[in-house]
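As a plain string of letters, each chain reads:
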Amino acid sequence: MDIMTEKEAQKQVITTSQVEHVALLARLELKEAKKDIYVNQLNDILAYMQMLNELDTENVTPTAHVLPLCNVFRQDEVGQHIPVEKVLANAPEKEEQFFKVPRIV
Amino acid sequence: MVPEYETVIGLEVHVELKTNSKIFCNSTTAFGGEPNTHVCPVCLGLPGVLPVINKKALEYTIRTALALNCEIAGFSKFDRKNYYYPDMPKNYQISQYDLPIAPKGHLNIELDGNIRRIGITRVHLEEDTGKLVHPGTITTSPYSLVDYNRAGVPLMEIVSEPDLRSPEEAKAYLEKLKAIILYIGVSDCKMEEGSLRCDANVSVRVQGKEEYGTKTEIKNMNSFKSLQRALAYEVERQIEVLGNKGRIIQETRAWDESKGITLSMRSKEEAHDYRYFPEPDLVPLVIDRKWVEEIRASLPELPDERKTRYQRDYGLSAYDAARLSAEFEMADFFEACVKSYPQPKIVSNWINGDLSRLLNLHNINIVACPLTPQQLGALLKLIEKGTISGKIAKTVFEEMFNKGKDPEQIIQEKGLVQISDEDALVKIVDEIITQNQKVVADYRAGKDRALAFLVGQVMKATRGKANPELVNRLLKEKMQ
């Protein structure tokens, strides 16, 4: 991703169509009236985050993780599975031993 | 004038790793199993669980990357690929985005004696998805059924550069990749069980043009044959579209094996926006150089190296050496046989000839070969000693293959020992000469073919058991 200049970043605002796009990706159904509220709220959040751009990060390596840890491994050993009744206990719908979902393709 | 088009193909290959447990949890990776029985809270994506990476899966990925001449990243991390499709219970797949385990490698393919180096963009590690089952067909089924047994099986993605120039090259690349992976033992590469899968990016451009044409992505090719057919079809289709002044649409197309065509899937992938971000549940990888070197040192001799060695040390042809080294089990069989009968060229002829023919005929893999390399070696020794003729040996060999018996036993049981007793043969030779006076006259008049005929008659009279060299000598002596 290109790093935005401060000016570009300030111009960047969330539009209604972006809110609709994100809602679609998250499978959220938004009421028309709510869209304006989210546009404003998201723009406020972005504006707040702009403050971070004031920091000089020239010599800071990008953070991939907040913990100062790496290389946490497990050995290749098989453990317990959970019984299929429990696996399907929270399934909204099931058939035989399968989760049943609306057809996607 | 109709322009000449150049085909440009890149392959994206997915390989399931042969670990015992899944990539981020200790559920089994065993293929099959009753639906949703190989699962645990981690691979079901239940709230509050934490994935932890299987060290073996990382080792296997590094092993593959080294065999493919890749660099190994010092620092690597996992990312979430977000999407709404029920094949993952979490609505995201843990994959790698900008910092794969291994960038920049290559492998060599050989077609019609030409060697070409195909670039490998990256090798990365991710989790496999679950399986959707559709009652009836995928397009008419009213709903989908989900089995998460496969979700979380370690999956390695190997992406090639767009360096392949024909469907044949694409097939050769996939075959080579499979051979290498089988040699290094990180996957069983069974296309029919989905442990080796392949998608292709295809485009065409006017010959000589540098800029790539618009590409399509082809999915659902489930065998080497369908890969080649699907690509050939797609290349033709694109050339036809362009020839009619049309435009190629960048889209995903599915190969339909029964109809022999690719079909657009574009309506189904609306809003592809994976919103990758670093996986917060997994800590990054800082790959230890010493470990990498240990893995490198443990790599076996790879197909190309074996082939070169067979040509150099055994004087085999490139063709024979390539055939023997394509599968490591075949190469091991060959080498074991050479150990018991140290005449590599003869061994190679028998393995690439009669043995391969019988294996193909009965659809048996070399792993399940009913005869041992030592038994073949023993047969070849018997030919060399003159106990049986080369012709009889073929019969003995078939019998060995079908019954798994030792050659000596078959020769005894069937009374196939070669007649090398001069006294016994002289009688038969005399008879044949008497019966074929006209042919004998031809021979004396200088017709070489006449001798071959007479040898054939003696062989017939002895039901193939006469020592042919001896028969030749005796006939010549008698007709002088």
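Residues numbered from 1 in each chain as written. Chains lettered and ligands numbered in written order. Predicted model: local features only at pLDDT ≥ 70, side-chain atom pairs only at ≥ 80, totals over all residues. Heavy atoms only, no water.

(A) Fine view of the overall build of chain B. What chain B contains, in helices and strands, is 15 helices and 16 strands. Radius of gyration (C-alpha) of chain B: 30 Å, far over the 23 Å computed for a compact globule of 480 residues. Dimensions along the principal axes, computed over C-alpha positions, put chain B at roughly 95 × 60 × 50 Å. Counting over 480 residues, chain B shows a buried share of 51%. Looking at chain B alone, contacts between residues at least 24 apart form 70% of all its contacts between residues at least 6 apart. (Helix = DSSP H or I, 4+ residues; strand = E, 2+ residues; numbered from the N terminus. Rg over C-alpha atoms; globule rule 2.2 N^0.38 Å. Buried < 20%, exposed > 50% of the residue type's maximum accessible area, 1.4 Å probe, protein only. Contact = heavy atoms within 4.5 Å.)

(B) Representation of the interface of chain A and chain B in the model. Each side of the interface is counted separately: chain A has 34 residues, and chain B has 54 residues. For the pair chain A and chain B, the interface holds 0 salt bridges. Put simply, chain A and chain B have 21 residue pairs in polar contact (both at pLDDT 80 or more) between them. Elements represented by at least two residues in the side of chain A that touches chain B include exactly α2 (16–25), β1 (73–74), α4 (84–87) and β3 (98–102) of chain A. No other element matches β3 of chain A, which puts 5 residues into the side of chain A that touches chain B. Partitioning the side of chain A that touches chain B into residue classes produces 19 nonpolar, 8 polar and 7 charged. Bridging between β3 of chain A and strand β9 (residues 143–147) of chain B involves 4 bridges; their strand directions are antiparallel. (Salt bridge = Lys/Arg side-chain N within 4 Å of Asp/Glu carboxyl O. Polar contact = N/O pair within 3.5 Å; in protein donor to acceptor, adjacent residues only side chain to side chain. Nonpolar A, V, L, I, M, F, W, Y, C, P; charged D, E, K, R; others polar. Pairing = 2+ DSSP bridges.)

(C) A look at the side chain of Ser-348 of chain B. All names here are of chain B. Considering the arrangement of structural elements, one finds Ser-348 in helix α8 (residues 344–361). Residue Ser-348 is classed as buried on the basis of its relative accessible area, which comes to 1%. Beyond its immediate sequence surroundings of up to four residues, Ser-348 is in contact with Leu-316, Asp-320, Leu-324, Phe-334 and Gly-353.

(D) Fine view of helix α14 (residues 448–461) of chain B. Residue and element names in this part refer to chain B. With 14 residues, α14 extends 21 Å between its outermost C-alpha atoms, agreeing within 8% with the 20 Å of an ideal straight helix rising 1.5 Å per residue. Each element contacted by the buried residues of α14 is listed here: α12 (422–435), α13 (437–444) and α15 (468–479). Two residues or fewer after α14 comes Arg-463, characterised by a positive phi angle close to 50°. (Expected span 1.5 Å × (residues − 1).)

(E) Here's a closer look at the pattern of salt bridges. All names here are of chain B. Going through the model one piece at a time under the given rule, you end up with 39 salt bridges over all chains. The closest approach of N and O atoms between Lys-77 and Asp-79, which form a salt bridge, is 2.5 Å. Here Lys-77 falls in the buried class, since its relative accessible area comes to 9%. By relative accessible area, which is 2% here, Asp-79 ends up buried. Between Arg-309 and Glu-301 there is a salt bridge, with its nearest N and O atoms 2.7 Å apart.

(F) Local environment of the domain arrangement of chain B. All names here are of chain B. Each assigned domain of chain B is listed with its residue range as follows: domain 1 (5–294), domain 2 (301–414) and domain 3 (422–479). For domain 1 versus domain 2, the distance between C-alpha centres works out to 37 Å. For the domain 1 and domain 2 pair, buried surface summed over both sides reaches about 750 Å², with 63% attributable to carbon and sulfur atoms. Among the residues domain 1 hides against domain 2, the three largest losses belong to Glu-110, Lys-176 and Tyr-183. Together they make up 65% of the total. Where domain 1 packs against domain 2, one counts 2 salt bridges. The element contributing the most residues to the side of domain 1 that touches domain 2 is helix α2 (residues 167–184), with 6 residues. Considering only residue class, the side of domain 1 that touches domain 2 consists of 6 nonpolar, 1 polar and 2 charged. (Domains from an automatic or database assignment. Buried area = accessible area lost by both parts, 1.4 Å probe.)

(G) Looking closely at α2 of chain B. Residues and elements named next belong to chain B. For α2, which comprises 18 residues, the first-to-last C-alpha distance of 26 Å matches the rise-based estimate of 26 Å (1.5 Å per residue) to within 8%. With 13 of its 18 residues buried, α2 lies for the most part within the structure. Just downstream of α2 lies Gly-185, where phi reads positive at about 70°.

(H) The environment of Val-84 of chain A, seen in detail. As for its placement among the helices and strands, Val-84 of chain A is situated in helix α4. Between the C-alpha atom of Val-84 of chain A and that of Cys-70 of chain A, which follows or precedes it by 14 residues, the distance is 34 Å.

(I) Main features of the sheet that holds strand β15 (residues 277–278) of chain B. Residues and elements named next belong to chain B. Pairing is antiparallel across the open sheet formed by 3 strands, whose spatial order is β5-β4-β15. Edge positions in the sheet fall to β5 (92–95) and β15, since each has one partner strand and no second. Pairing analysis gives 4 bridges linking strand β4 (residues 79–82) to β5, with the strands arranged antiparallel. Residue pairing in the sheet places Asn-82 in a bridge with Tyr-92 of β5.

(J) The packing of aromatic side chains, seen in detail. Residues and elements named next belong to chain B. In total, this model carries 12 aromatic pairs over all chains according to the counting rule given. Look at Tyr-83 and Tyr-274: their rings are 6.5 Å apart centre to centre, the planes differ by 80°, and that puts the pair in the edge-to-face class. Highlighted residues: Tyr-83 in the loop between β4 and β5 and Tyr-274 in the loop between β14 (261–264) and β15, separated in sequence by 191 residues. Exposure remark for Tyr-83: the relative accessible area of 14% places this residue in the buried category. Lys-55 extends its terminal NZ or CZ atom over the ring of Trp-291, reaching a point 4.9 Å from the ring centre. Above the plane of the ring of Tyr-274 lies Lys-81, whose end atom (NZ or CZ) is 4.4 Å from the centre. (Phe/Tyr/Trp six-rings, centres within 6.5 Å; stacked < 30°, edge-to-face > 60°. Lys NZ or Arg CZ within 6 Å of the ring centre and 35° of its normal.)

(K) Layout of the pairing of strand β12 (residues 216–221) of chain B. Residue and element names in this part refer to chain B. Bridging between strand β11 (residues 196–206) and β12 involves 4 bridges; their strand directions are antiparallel. By the bridge assignment for β12, Ala-200 is matched with Ile-218. Where β12 lies against strand β13 (residues 252–256), 3 bridges are found, and the strand directions are parallel. Residue pairing in the sheet places Lys-219 in a bridge with Ala-254 of β13. On the question of chirality, the crossover connecting β12 to the parallel β13 by way of helix α3 (residues 224–243) is left-handed. (Right-handed = clockwise from strand over helix to strand, strands pointing away.)

(L) Seen up close, unusual backbone geometry. Notably, Glu-96 of chain A is not glycine yet its phi reads approximately 50°, a positive angle. With respect to the element layout, Glu-96 of chain A can be found in the loop between β2 (94–95) and β3. Note on Glu-96 of chain A: relative accessible area 69%, which makes it exposed. Despite not being glycine, Asn-363 of chain B shows a phi value in the positive range, around 55°. Along the chain, Asn-363 of chain B falls in the loop between α8 and α9 (373–385).

(M) Molecular detail of the environment of Ala-67 of chain B. Within the secondary structure layout, Ala-67 of chain B lies in helix α1 (residues 55–67). Each residue touching Ala-67 of chain B, except ones within four places of it in the same chain, is listed here: Ile-180, Ile-184, Leu-299 and Leu-302 of chain B.

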